[in-house]
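Okay, here's what each chain looks like letter by letter:
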Amino acid sequence: MTPQRRKRLYLVLGIVAGVSVATALALSAFRQNVTFYFIPTEVAAGAALGDQSFRLGGMVTAGSVRRVPGSLQVSFVLTDFKHNVPVTYSGVLPDLFREGQGVIAHGHLDAHGVFVADEVLAKHDEKYMPPKIAGTAPTARGGS
Amino acid sequence: MLPELGHFALVLALVLAALQAFFGIVGPALGRDRWAAATTSAVAGQFVMVATAVGILVYAFVNFDFSVLYVAENSNSALPLMYRIAALWGAHEGSLLLWIFLLAVWTLAVAIASRNLPERFAARVLGVLGVLSFGFLLFTLATSDPFRRLIPAAADGRDLNPLLQDPGLAVHPPVLYTGYVGLAVAFSFACAAMLEGRMDPDWARWTRPWTTAAWAFLTCGIALGSWWSYYTLGWGGYWEWDPVENASFMPWLVATALIHSLAVTEKRGLFKSWTLLLAILAFSLSLLGTFLVRSGVLVSVHSFAADPSRGRFILAFLGLVIGGALTLYAWRAPLLKSNAGFDLLSRESFLLFNNILLVVAAATVLGGTLAPLIADTFGQSSLSVGPPYFRPTFLLAVIPLLLLLSVGVHANWKRGHLEAAVRPLLVTLVVAGLLGAAVVFGAYGGRHALAIIGFGIGSWIILSSLLDPVDRLRRHLSLSRAVLGMTLAHIGLAVAVIALTGVESYTSESDIALAAGASAQVGGYDFKLIGTQPIEGANYNAIRATVIVTRDGQPITTLYPESRTFWVQQQTRKVAGIYNRHGTDLFIALGDDLGAGRWSFRAQIRPLITLLWLGPLFMALGGALALSDRRYRMARAAARAAPPGARGEAY
């Protein structure tokens, strides 16, 4: 083997090793760090286990938003028009959060089946519906 | 009448794009130089037609022509002039038209600048660009006509999405799109080289300025989007690893790899097929980004057009363009062999590692972005990938990249002798580490000691990049703009690294509930609510809060965060109150009326965030400086000086 070739071999081996390590680490990061996304029907069917965090998508039920006056505590009900999940959240709600609007919340279920959210996301688009709900919703749409 | 003319102009543009593609690709293939020469006329004609269409749509917006569906849906009689113009790219149809217009502008620029290039080669570049124009024009006319009439005309429009009624958003899409579309030029140069079956250092010299320009625009566009999301949408978040953010970031990573790989191809005639592959990949990723945004297959804050027929069209187009280019690559790339060797510690090696790491970074982002889609296909529709995945995997590729950068700028072409650089590199490394430690322990009391790594790496890149230029200045040697540009861009990257470290480590954030007269402390600053009052804007009503910020009893500033409710769509948008103090942002956004006289607020103290906007600006300016280098003007002059007959033969 010429020195030139040996050098090239080292280079290729180095690259292969680097890329494999990177892939392995990426895959393990992936396995540890993906979050699950459920809709109320799946939650009702027991898809969420224990106090594991997940994302919950649904429409905010009209008339369900309640506040403790003067505090950041707010509660509302997310629905996919088949099942409902009560949600509590402490903090500032996003601009597009409204009753009848689709939102995605991140958090976990407590012992009473209440979803304790640490983050609530609403969408740019008022026509937006969370994934898996779009097909099931009644056609009526309020607002503008 | 005018909108119909606009539609007609687009149809003519489609025909001209077809001619441009035909003359540009078939002409040189059959050796018919007169056909090839006709390409330029088609380019000019197409540009005029597309510009006419854009002009007509802008005219319709400015003059409130609510008989045009797109105008009626995205404008309103109360909308200020600036946003009536920006409304052009406020939704799907218009932003597609903007895309086509920018492609026409780039194509025209290439046509003008390439008068000095070998004729056949230039025709081929323009021909490939014609194929792309044709595809996008067909897409517009078939699925997304912006000139569709609304009969009877609406009495008033439904208004532009309030989130888009903001100066930052008025400029973010055009700049980002200019970058996206600019990658089409690099793509076309690559395809033209493969059609020619040859590629030499001249090719790289012609392609480099275009790629650098597109990259600089992309850099600015991404930074502008991040800035906009910081002060409106994201409640102080500047990067969420949202699919659409990723869609702009992946082409940027690959384009960054491409400008480095082009350097090797130009200087040493190496990495030829790799450079071609990167050019194809960069543009493919920008098309993929368009597909992800337009089709609504991925859930994102940005996706405004969830229409499956559009998604299918773009997917088919994507398949054709990428598939076509890769087929061409498989067929022609083996012709482009390079035989020069290089040492392990030569500059070529470092640039090779740069490329590998950048592509690995892009691949991890791509994997995370597409994973929910792939899982969905296999019936696992419950997967959601967010920052916990992206952050560690991305850092994994980027930290070695940053470390290699400091060393790599001192490596020589071809030969691996780094001995002379070892001492200064070690000295700068120690100085940088001490600087990092000084900042962490001096300014932040030793919290988050890992931040030393970020600050240290950033400072090391700056110091190491400055070694050579300063040395040359001291010896009164000249510095080329290319080297200055590269140095500035590397410093910009380092500045962004330092900013990210500071912002991620030392941000204080809190949601607070305040009644008038009450105050809360966040990150050492006191936010005191004086009161709220209703105000009226051009096309919205707002609640404005008055908040006094003090530190240790000393008044710092008064902030006026607003919550604007726009008349037409009754949609609310926040405008945060931000005060910049020595590079640290004091940020407060107004939330909701909580009852009992109290309001919710989100208050943040974000140190070093100013540097986060300066970093990308330096990078883009560095790019601009590099592409104004004498060498590229010389390259053009040299091509001009070559005898006309020889030019046609050589290419």
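Chemist: Would you mind going over the overall build of chain A with me for this structure?
Modeler: The number of helices and strands found in chain A is 2 helices and 7 strands. Its helices and strands taken in sequence order, chain A reads α-β-α-β-β-β-β-β-β from the N to the C terminus. Counting across all 144 residues of chain A, residues that qualify as buried make up 32%. A sequence separation of at least 24 residues applies to 50% of the contacts in chain A between residues at least 6 apart.

Chemist: Where do I start with the domain arrangement of chain A in this structure?
Modeler: Where the parts come together, the accessible area they lose is often given as the size of the interface. Looking at chain A, the domain boundaries give domain 1 (1-34) and domain 2 (36-122). Taken over C-alpha atoms, the centre of domain 1 of chain A sits 43 Å from the centre of domain 2 of chain A.

Chemist: How do you make sense of the sheet that holds strand β9 (residues 577-581) of chain B when you look at a structure like this?
Modeler: Paired through backbone hydrogen bonds, the strands of a sheet run either parallel or antiparallel to each other. Residues and elements named next belong to chain B. Reading across the sheet, the 4 strands line up as β2-β11-β10-β9 and stay open at both edges, with antiparallel pairing between neighbours. Of all strands in the sheet, those with a lone pairing partner are β2 (508-515) and β9, marking the two edges. Strand-to-strand twist in this sheet, taken as the mean axis angle between neighbours without regard to direction, amounts to 20°. Pairing geometry for strand β10 (residues 584-595) and strand β11 (residues 598-606), over 8 bridges, is antiparallel. Pairing of G595 across the sheet is with R598, part of β11.

Chemist: Would you take a moment to explain the environment of F23 of chain B for this structure?
Modeler: All names here are of chain B. Along the chain, the position of F23 falls in helix α1 (residues 2-30). Residues F23 and D33, spaced 10 residues apart in sequence, show a C-alpha to C-alpha distance of 9.3 Å. Not counting residues within four places of it along the chain, the set of residues in contact with F23 comprises W35, A36, A38, T39, A42, A123 and G127.

Chemist: Could you clarify how one ought to interpret the confidence of the model for chain A in this entry?
Modeler: Low-pLDDT stretches of the model should not have their predicted coordinates read in fine detail. The share of residues in chain A with pLDDT of 70 or more is 83%, and the mean pLDDT across the chain is 78. Within the model, pLDDT remains below 50 along residues 137-144 of chain A, and this stretch shows 10 contacts once partners closer than five positions in the same chain are excluded.

Chemist: Help me understand the nonpolar core in this model?
Modeler: Most often, soluble globular proteins have nonpolar side chains that are buried together. Counting 217 residues, the largest nonpolar core has A186, V254, A279 and A282 of chain B as the members making the most contacts within it. Residue contributions to this core peak at 18 residues, all from helix α7 (residues 167-196) of chain B. Of all hydrophobic cores here, the second largest spans 26 residues; its members include A48, V92, L93 and A122 of chain A.

Chemist: Whenever I open this one, the pairing of strand β3 (residues 519-522) of chain B confuses me. Can you help?
Modeler: Within a regular strand, side chains alternate between the sheet's two faces. All names here are of chain B. Across 4 bridges, β3 lies against strand β4 (residues 525-536) in antiparallel orientation. Bridged to S519 within β4 is K528. Following β3, the chain reverses through 2 residues before pairing antiparallel with β4; G523 in that reversal takes a positive phi of roughly 55°.

Chemist: Just to check I follow, could you spell out the interface of chain A and chain B for this structure?
Modeler: Counting residues at the interface gives 35 residues for chain A and 42 residues for chain B. When residues of the side of chain A that touches chain B are traced back to their parent elements, those giving at least two are α1 (3-33) and β1 (34-38) of chain A. Ranked by residue count, the leading element in the side of chain A that touches chain B is α1 of chain A, at 12 residues. For the side of chain A that touches chain B, the per-class residue count stands at 19 nonpolar, 8 polar and 8 charged. Here β1 of chain A runs beside strand β1 (residues 383-385) of chain B; their pairing, made up of 3 bridges, is antiparallel.

What counts and how
Residues numbered from 1 in each chain as written. Chains lettered and ligands numbered in written order. Predicted model: local features only at pLDDT ≥ 70, side-chain atom pairs only at ≥ 80, totals over all residues. Helix = DSSP H or I, 4+ residues; strand = E, 2+ residues; numbered from the N terminus. Buried ≥ 20, exposed ≤ 12 C-beta atoms within 10 Å, placed from the backbone. Contact = placed C-beta atoms within 7 Å. Domains from an automatic or database assignment. Pairing = 2+ DSSP bridges. Axes fitted to C-alpha atoms, helices over the stretch in contact; angles between N-to-C directions. pLDDT = per-residue confidence, 0-100. Core = buried A, V, L, I, M, F, W, Y, C linked by C-beta atoms within 7 Å. Nonpolar A, V, L, I, M, F, W, Y, C, P; charged D, E, K, R; others polar.

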